[in-house]
Amino acid sequence: MSSQYTPSLAISVQSITASEVSQVDFKMKANNVKNKLKVLLKSVDNDKSGFVKYEIFFPMLELHGVMLSSKAVNYLKQTYSKNQTINFKEAVNQLTIDL
């Protein structure tokens, strides 16, 4: 008589803490803000270049509660800009939004 091994079909379910739910909720809200910003900035990108002027980009962030330090502003300008315009999709992707 041979004995057969039957694997357990039980699935381990980890409990999800309120803190983890809160973190997921926070990330979803931050992503919603980023997506809204991209849509709004795309709508003012008249030449469809993916770039908007600084005087549009940075005030738009502030209007949506995204406050940047001068160091962050300088980084975005140095990394994602040309001719006083900024690549808004790439720049917004780099933002860490604290709600």
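Our subject is the structure listed above.
Everything in this summary refers to the structure shown in the same document. Per chain, the residues get numbers from 1 upward, laid out in the order the sequence is written. Owing to the predicted nature of the model, reporting of local features is limited to residues with pLDDT of at least 70; listing and counting of side-chain atom pairs is limited to 80 or more, with chain, interface and lining totals taken over all residues. The side-chain values count all of the structure's non-hydrogen atoms but skip hydrogen atoms and water molecules.

1. Structural notes on helix α3 (residues 70-80)
Part 1 of the reasoning: Here's how the labels work: a residue is buried when its accessible area is under 20% of the maximum for its type, exposed when over 50%, partly exposed in between, all with a 1.4 Å probe on protein chains only. The helix count covers DSSP runs of H or I at least four residues long, the strand count covers runs of E at least two residues long, and both are numbered beginning at the N terminus. Buried within α3 are the following residues: Val73, Leu76 and Tyr80. Relative to the axis of α3, the buried residues are bounded by an arc of 75° and lie together on one face. Among the exposed residues of α3, those pointing more than 90 degrees away from its buried face are Ser70, Lys71 and Gln78.
Part 2 of the reasoning: In this structure, the buried side of α3 is in contact with β1 (51-53), α2 (54-63), β2 (81-82), β3 (85-87) and α4 (88-94). Note: the arc covers the axis-to-C-beta directions of the helix. Working rule for contacts: check all heavy atoms of both residues, and any pair within 4.5 Å makes them a contact.

2. Concerning the nonpolar core
Part 1 of the reasoning: Membership of the largest hydrophobic core comes to 20 residues, with the highest contact counts inside it found for Phe57, Phe58, Leu76 and Ile86.
Part 2 of the reasoning: When contributions to this core are tallied by element, the ones reaching two or more residues are α1 (18-43), α2, α3 and α4.
Part 3 of the reasoning: Here the element with the most residues in this core is α2; it accounts for 5 residues.
Part 4 of the reasoning: In this view, phenylalanine 57 contacts Leu41, Val52, Leu76, Ile86, Phe88, Ala91 and Val92; residues no more than four positions away in its chain are not counted. The term nonpolar core refers to a set of buried residues drawn from Ala, Val, Leu, Ile, Met, Phe, Trp, Tyr and Cys, joined through side-chain atoms within 4.5 Å.

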